[in-house]
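Structural characterization, general
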Amino acid sequence: MRKILLLLLLCAFNAYSQTDLKAKAPTLQVGLDNLTFTKGTLDAKLIMEIIAEKQKELKIKAIQNVFLAKVEPAGGAIYSFTNNVVKELLLESDQSLRTKKIMENTVNLVFAIAFLEYYLNNLDTESINDFNHLCKVYKVTLDAKDMGKVSLSNFLKKREDKNNTKEGIADKDSYRVELLALLIDMAAETIRQDVKLKELGLMQISYSDTYEYLNRYKNPKIYAPEDAEYDILSENLSRDMKERLGEITNYIGLVNYVVEHFSFRNDKLAVFNKRGLNEKTGNKARPFEYTDENTTANSYSLSKSFSDLKDITHKLLEERINVHANDTLGKTEINNLTQMYYYFDRASKQVIDMDNDKEIMADILYTFYGEFMPLIKKQGYTSLEYINLLEEIDLASARIASVLLDKDDVFKLKDGKIDDFMLLAAKLYEFDKASTISDYIKLIEGIGYIFPSNNITNALSTVVSFVKDYSVTDKDKNGKEVLEFNIESFIVRLQRVKPYQHKAIEFNFTVGLNNAYFQHNVPLKDNTVANLSFVSEKIGVKWKLWDWAFYYTRNPGETYAYGDNVYVKKTPPHEPLISNIHLLAYGSGILYNVVNAKTDKEFDFPMAGVGAGITFSNALDLNISLGVPLMSQKSFQDLFYYKYINIGFDIQFLEYFDRLSEKQQAKKTQKLLAEAAEKN
């Protein structure tokens, strides 16, 4: 009877969630190891462990599906980020690799959104016209004041229906979502195809077919509006995006110089002004404006700087070799100076053909200002010539930057605040620094709120806030900055996320303390029992009649579906004392023997019952049920003669399993300590 009941319950649960619980058949060897042929029973402990693992996986999988369903309208890039971040929690067992993948997906998305914001804020006249027409294609209307400088925040502005009719709103949120999804996917593809960024590894993770399918830009047959102008407008904007991105990625060294040179500790969003740069190079009125008339003068000035750098470095080398050739620090210093000397020599030859080597000059600028100057500053000054070397590198850097900024095909940096994208682009050569990744993490939270859709916002903001909250920059034992991701806390918090759609019926697996009162005495081997106090599991199905915790505990603005209706939470969250009232159908003593708490220990029959109960805010269940013991020697009709009323307090099986694992681990640790003490 016990085996029959177990089979029926497992089949019922499989029918309820068969997509998530596919059978994983054991091999012959594993199956033989887990069977005890002497008793003809399965290994209950192994089943307990497997069920605990599967329950955890199912809960996270259900939450993952909730997130993905909500962000699907946001396009391929957003969907891919959400899927990859949550998926790594289930599929990747290596913690360091898991952290790396989550951070890589974070960097990709933040860079794409920051670039899109930069691009929209710097549209030229022709691109503004194309963008305006594309807005009309998508039935999105922006205020006239937004046209000169578009921001992602413009997509959040809701327009009033002047006619006060439900269908009269010309600018529905869904249209804004579609247009924003297209622009994000277009920006992501632009980054993905950029040659320089490919070398640096951005957007080079493995993208699934789902990304390709949901990408609004790559899959116009499904997602493009039916408008003859769409193809031309989207390609114009895409082409312009590629050109604008290339202006940045081809001159990373120049971007780094502008951001770092004009930044201050208390104002990382620096104020850039060309006048200060021109004054630094020794001329008041744009001395290095790149024209045919002064090409020779520019080349001469830079060549002179490089020549001076070689002379100063050579002099320092002679001093160091004569004084510190044999000590360790001296050898390091000499090695650094030697590398600088030969780099200055190679760099001086690039000035001759600067028209064809602008990108190389930008990299030279990064090496000068981003590598050599910090290296010299960290190195102890053992000669005044180091001061001269620093000043000359600083001057040469300013001259290179001034020349590059005045070229027609280099990005035109406007005076004023440097935006987030420029800050990120400035560190494209510094992905080996924890501080670089930290900058991306600081910017990710705002991404959760760029869509004018409550569903997308709820899901996306939850995921990005998790990534931000559980990413920490720390230092290892050698003082090096490292990035750590608290994956355990992430999983625990993820498990607490409430599903979007309310489900009244769910699988129940609890353990607890029970008191059964039988209508007639149950015959045992040597005596009878009229009431029984016991500990056992309840495995079956729970049907929630009222579920206050599903909506009372949500945050304001959060959307959820209850039955056929969708609601938006408008009040602060609070935890009700009683979470839900439910009905219950269960079996007990199936996976475990009934453990008698106070009464007769001969009672070991499995039981089946139905009842009702309440769940308190701490997940403690109080159930009252009507049940029968399943005695193999009795007929089905006779079982009801021994029916009972049961009152029980139950806790979730996962809670029991976690506490049991902690207890077993503590015992194991104590045993090892005792053994070690005996040996000593």
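For the structure itself, consult the block above.
Computed from a predicted model, the values in this text were never measured in an experiment. (Residues numbered from 1 in each chain as written. Predicted model: local features only at pLDDT ≥ 70, side-chain atom pairs only at ≥ 80, totals over all residues. Heavy atoms only, no water.)

**Examining the packing of helix H16 (residues 358–378) against helix H17 (residues 385–405)**
Basically, it comes down to this: Lines fitted to the C-alpha atoms define the axes, with helices restricted to the stretch that makes contact. Angles between their N-to-C directions range from 0 to 180 degrees. By definition, any uninterrupted DSSP run of H or I lasting at least four residues is a helix, any uninterrupted run of E lasting at least two residues is a strand, and each is numbered from the N terminus. By definition in this entry, angles of less than 35 degrees are roughly parallel, angles greater than 145 are roughly antiparallel, angles of 65 to 115 are roughly perpendicular, and the rest are oblique. Here a crossing is taken to be left-handed if its near helix is turned anticlockwise relative to the far helix by less than a right angle, and right-handed if that turn runs clockwise. Contacts are residue-level and defined by heavy atoms, with any inter-residue pair within 4.5 Å sufficient. When residue character is reported, Ala, Val, Leu, Ile, Met, Phe, Trp, Tyr, Cys and Pro are called nonpolar, Asp, Glu, Lys and Arg charged, and the others, Gly included, polar.
Packing of H16 against H17 leaves a shortest axis separation of 10 Å and a crossing angle of 155 degrees. What the angle tells us is that H16 and H17 run roughly antiparallel. Crossing angle aside, the handedness with which H16 passes H17 is left-handed. Where H16 abuts H17, its residues Lys358, Met361, Ala362, Ile364, Leu365, Phe368, Tyr369, Phe372, Met373, Ile376 and Lys377 lie against Tyr386, Leu389, Leu390, Ile393, Asp394, Ala396, Ser397, Ile400, Ala401 and Leu404. Tallied by class, residues from the contact of H16 with H17 come to 17 nonpolar, one polar and three charged.

**Observations regarding helix H6 (residues 125–137)**
Basically, it comes down to this: Multiply 1.5 Å by the residue count of a helix minus one, and that product is the helix's expected span. Throughout this description, buried means an accessible area under 20% of the type-specific maximum (1.4 Å probe, protein chains only), exposed means over 50%, and partly exposed covers the range between.
Taking 1.5 Å of rise per residue, the 13 residues of H6 would be expected to cover 18 Å, and the 19 Å separating its terminal C-alpha atoms lies within 8% of that figure. Residues Ser127, Ile128, Asp130, Phe131, Asn132, Leu134, Cys135 and Val137 constitute the buried set of H6. Those residues of H6 that are buried lie in contact with helix H5 (95–121), helix H7 (173–193) and helix H11 (230–249). Just beyond H6, the residue with positive phi is Lys139, at close to 60 degrees.

**Describing the packing of aromatic side chains**
What counts here: Under the pairing criterion, centres of Phe, Tyr and Trp rings, with the six-membered ring standing for Trp, must be within 6.5 Å; the plane angle then separates stacked pairs below 30 degrees from edge-to-face pairs above 60, leaving the rest tilted. Lysine NZ or arginine CZ positioned within 6 Å of the ring centre and within 35 degrees of the ring normal marks a charge as sitting over the ring.
Scanning the model with the defined rule gives 24 aromatic pairs in all. Geometrically, the ring pair formed by Tyr257 and Tyr369 is edge-to-face, given 4.7 Å between the ring centres and 75 degrees between the ring planes. Of this pair, Tyr257 sits in helix H12 (residues 252–261) while Tyr369 sits in helix H16; the two residues are 112 residues apart in sequence, bridging distant segments of the chain. The same class applies to Tyr257 as to Tyr369, namely buried. When the centroid spacing of 6.2 Å and the interplanar angle of 40 degrees are considered together, the rings of Phe431 and Tyr440 count as tilted. For Tyr440, a relative accessible area of 1% gives the class buried. Of note, Lys538 hangs over the ring of Tyr586, and the distance from its end group to the ring centre comes to 5.4 Å.

**Concerning the pattern of salt bridges**
Heads up, the condition is: Here, a salt bridge means any side-chain nitrogen of Lys or Arg that lies within 4 Å of a carboxyl oxygen of Asp or Glu.
Counted under the stated rule, the structure contains 15 salt bridges. We note a salt bridge from Glu212 to Lys218, for which the minimum N-O separation is 2.6 Å. Assessed through its relative accessible area of 25%, Glu212 is described here as partly exposed. Lys218 sits in the partly exposed class, given a relative accessible area of 38%. If you follow the salt bridges from partner to partner, you end up with Glu189, Arg192, Glu212 and Lys218 in one network.

**Examining the environment of His574**
Relative to the elements of secondary structure, His574 occurs in the loop between strand S10 (565–568) and strand S11 (578–588). Using a relative accessible area of 41% as the deciding quantity, one classes His574 as partly exposed. Residues contacting His574, with those up to four places away along its chain left out, are Tyr552 and Thr553.

**Observations concerning the pairing of S10**
To keep it simple, the criterion reads: Paired strands are those between which DSSP finds at least two bridges.
Relative to S10, strand S9 (residues 559–562) is paired through four bridges, and the arrangement is antiparallel. By the bridge assignment for S10, Ala561 is matched with Val566. In this antiparallel pair of consecutive strands, S9 and S10, the connection spans two residues, and Gly563 shows a positive phi of 70 degrees.

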